[in-house]
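Tertiary structure, described
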Amino acid sequence: MSESIGFIGLGIMGQGMTSNLLKAGFDLTVWNRTASRAEALIAQGAKGATSPAELASRCSIIISCVSDTPDVQDVLFGSDGVIGGVKPGSLVIDMSTISPQATRDMAVALAERQVHMLDAPISGGSEGAAKGTLSIMVGGDSEQVARAMPYLQAMGKTITHVGGSGAGQTVKLVNQILVVVTMLGVSEALLFAQSSGVDLRKTLSAVSGGAAGSWMLSNRGPQILDDDWRPGFTIDLQQKDLRLVIEAADQMGVPMMGTSLVFNLYRVLQSAGFGSEGNHALIKALERLTGIEVRAPTPS
Ligand code: NA7
């Protein structure tokens, strides 16, 4: 028998994820801080809740997908938070990307109330959330991972149980290092191609299928050429993740040269007012430094 699912946080990612839970036929209750963002889902068949506490009192699995560590702490433990309504035996699945250490602390606090917790951060951008093809990195107990699996499978394609509490968040940070350092490579390669005078669209199609191919190149490269800076993932949120990487690396004493460089380039863009653009706008920082503009004629 399927459980009653509550979902907190209907942002860029939460919209697609909840829509896929509904399509799969699950009993879904939603709450979002800005209530208007829940209207379309409620029209499609989701139930509305008046607070995270009320949502938790009606659901056995509570999923959160909000911005940052303090926001998860707020929706779980703040006034009107999940803790005010949650029933013993329930399962909280946090799909936000937040601090691994804070995640472990919250799992301990929930366990004191006989509530289980998994960390299950996601990768795949707004496209992956909409298509139900997210990669989900899960930390926590095997039994609870098995319990969560049907719901995770409705939202994602590659679901990997990577370890105990907090391990999902750690692996997500590994993912973010790969994302931004790849994006730096894509940006530098396009600057070089532009300066060399080769056709940028032909260049992309020539290199995308070879050893240099990547999701970032295939999905964000064309957006750069089209001057399309709409976010699959915003610079502001990317910075939040890079801060988490740099903090964790600092605690371990591990140098992060590429990640630190990208963090500083994004900081330049945030100061210039580009924080709400997609993370592929990284190239604009290199354009400012070099005076080279990467633009391709509009495709006919
Ligand atoms: P968005 O599109 O910026 O959405 C963020 C969501 O989180 C949105 O629903 C916000 O509500 C909600 N939010 C943020 N802070 C709070 C607090 N304090 N209380 C309640 N709700 C809050 O982000 P994405 O969907 O792209 O990403 C979400 C997470 O997945 C993030 O950790 C990424 O790194 C991965 P609002 O609509 O603004 O009222």
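Each chain has its residues counted from 1, following the order in which its sequence is written. Local features in a predicted model are, by the rule used here, given only for residues with pLDDT of at least 70; side-chain atom pairs are given and counted only at 80 or more, and totals for whole chains, interfaces and linings are based on all residues. No hydrogens and no water enter the side-chain calculation; it runs on all heavy atoms of the structure.

Quick word on the domain arrangement of the protein chain
- Entries for the protein chain in the domain assignment read domain 1 (5-163) and domain 2 (170-290).
- The domain boundaries here were taken from an automatic or database domain assignment. Here the C-alpha centroids of domain 1 and domain 2 sit 28 Å apart.
- Counting residues at the interface gives 17 residues for domain 1 and 13 residues for domain 2.
- In this description, buried area is defined as the sum, over both parts, of the accessible area (probe of 1.4 Å) that is lost when the two are combined. Buried surface at the junction of domain 1 and domain 2, summed over both partners, amounts to about 1200 Å²; 62% is from carbon and sulfur atoms.
- Each salt bridge in this description consists of a side-chain nitrogen of Lys or Arg and a carboxyl oxygen of Asp or Glu lying within 4 Å of one another. Between the two partners, domain 1 and domain 2, sit one salt bridge.
- Salt-bridge contacts for Arg220 lead to Glu127; the nearest nitrogen and oxygen are separated by 2.9 Å.
- Tallying contributions element by element places helix H6 (residues 125-131) first for the side of domain 1 that touches domain 2, with three residues.
- Grouping the amino acids of the side of domain 1 that touches domain 2 by side-chain chemistry returns seven nonpolar, eight polar and two charged. We call two residues in contact whenever any of their non-hydrogen atoms come within 4.5 Å of each other. Strands are runs of DSSP state E lasting at least two residues, helices are runs of H or I lasting at least four, and both sets are numbered from the N terminus onward. Residue polarity follows a fixed list, in which Ala, Val, Leu, Ile, Met, Phe, Trp, Tyr, Cys and Pro are nonpolar, Asp, Glu, Lys and Arg are charged, and the others, Gly among them, are polar.

Digging into the side chain of Gln169
- Structurally, Gln169 can be placed in helix H8 (residues 167-196).
- Assessed through its relative accessible area of 0%, Gln169 is described here as buried.
- The residues touching Gln169, leaving out its near neighbours within four places in the chain, are Asp94, Ser96, Thr97, Ile98, Pro100, Thr103, Asp119 and Pro121. Relative accessible area decides the class of each residue, using a 1.4 Å probe on protein chains only: under 20% of the type maximum gives buried, over 50% gives exposed, and in between gives partly exposed.

Some points on helix H1 (residues 12-23)
- Take the residue count of a helix, subtract one, and multiply by 1.5 Å to get its expected span. For H1, built from 12 residues, the straight-helix expectation of 16 Å at 1.5 Å per residue is met to within 8% by its first-to-last C-alpha distance of 18 Å.
- Counted residue by residue, H1 has nine buried out of 12 residues, so it is predominantly covered.
- By the burial criterion, the buried members of H1 are Met13, Gly14, Gly16, Met17, Thr18, Ser19, Asn20, Leu21 and Leu22.
- Backbone geometry just downstream of H1 places Gly25 in the positive-phi region, at approximately 90 degrees.

A closer look at the site of the ligand
- Consider each residue's heavy atoms; a residue with any of them within 4 Å of a molecule or strand counts as near. Among the 21 residues in the neighbourhood of the ligand, the closest are listed as Asn32, Thr34, Arg37, Ser67 and Lys240.
- N or O atoms within 3.5 Å of each other form a polar contact, as long as, within protein, one can give a hydrogen and the other can take it, and as long as residues adjacent in sequence are counted only when both atoms are side-chain atoms. Within the contact set of the ligand, an oxygen atom lies 3.0 Å away from a side-chain nitrogen or oxygen of Arg33.
- Here the Shrake-Rupley method, with its probe set to 1.4 Å, supplies the accessible areas, and only the displayed protein chains count as covering residues. Protein chains shield 89% of the accessible area of the ligand, which is 790 Å² for the free molecule.
- Among the secondary structure elements, those contributing two or more residues to the shell around the ligand are H1, helix H4 (69-77) and helix H11 (235-252).
- Among the residues forming the shell around the ligand, the class breakdown is nine nonpolar, seven polar and five charged.

Digging into the nonpolar core
- Within the largest apolar cluster, 33 residues are counted, with the highest numbers of intra-cluster contacts made by Phe7, Met17, Leu21, Ile93 and Met95.
- When contributions to this core are tallied by element, the ones reaching two or more residues are strand E1 (4-8), H1, strand E2 (27-31), strand E4 (61-64), strand E5 (91-94), strand E8 (134-139) and helix H7 (142-155).
- When residues of this core are assigned to their parent elements, the largest contribution, six residues, is made by H7.
- Residue contacts for Met17: discarding those within four places in its chain leaves Phe7, Cys65, Met95, Ile122, Ala129, Leu134 and Met155. Here, nonpolar core refers to any group of buried Ala, Val, Leu, Ile, Met, Phe, Trp, Tyr and Cys residues whose side-chain atoms link them within 4.5 Å.

What about the packing of aromatic side chains?
- Two rings from Phe, Tyr or Trp (for Trp, the six-membered ring) form a pair when their centres sit within 6.5 Å of each other. Planes less than 30 degrees apart are called stacked, planes more than 60 degrees apart edge-to-face, and all others tilted. Scanning the model with the defined rule gives one aromatic pair in all.
- Ring centres 4.8 Å apart and planes at 65 degrees place the aromatic pair Phe26 and Tyr151 in the edge-to-face group. Separated by 125 residues along the polypeptide, Phe26 in the loop between H1 and E2 and Tyr151 in helix H7 bring together distant segments of the chain. The same class applies to Phe26 and to Tyr151, which are both buried.

Some remarks on the side chain of Ser60
- Of note, Ser60 is situated in the loop between helix H3 (52-58) and E4.
- In terms of polar contacts, Ser60 uses its side chain to reach the side chain of Glu3, at 2.8 Å.
- The contacts of Ser60, once residues within four sequence positions are left out, are Glu3, Ser4, Ser90, Leu91 and Arg147.

Describing the packing of H8 against helix H9 (residues 200-208)
- Axes here mean lines fitted to C-alpha atoms, for a helix over just the part in contact, with angles spanning 0 to 180 degrees between N-to-C directions. Relative to each other, H8 and H9 sit at 135 degrees, their axes nearing to 10 Å. Classed by the angle they form, the pair H8 and H9 counts as oblique. Where H8 crosses over H9, the two elements pack in a sense that is right-handed. Contacts between H8 and H9 involve Leu190, Ala193 and Gln194 from the first element and Leu200, Thr203 and Leu204 from the second.
- Looking at side-chain class alone, the contact of H8 with H9 contains four nonpolar, two polar and no charged residues. For classification, angles of less than 35 degrees are called roughly parallel, those exceeding 145 degrees roughly antiparallel, those between 65 and 115 degrees roughly perpendicular, and all remaining angles oblique. Each helix crossing is assigned a hand: it is left-handed if the near helix lies turned anticlockwise from the far helix by less than a right angle, otherwise right-handed if that turn is clockwise.

Remarks on the packing of H1 against H7
- Where H1 meets H7, the closest approach of the two axes is 8 Å, and the angle between their N-to-C directions is 115 degrees. Considering how the two elements wind past one another, H1 and H7 form a crossing that is right-handed. Judged by residue contacts, Met17, Asn20 and Leu21 of H1 engage Tyr151, Ala154 and Met155 from H7.
- Among the residues making up the contact of H1 with H7, the classes are represented as five nonpolar, one polar and no charged.

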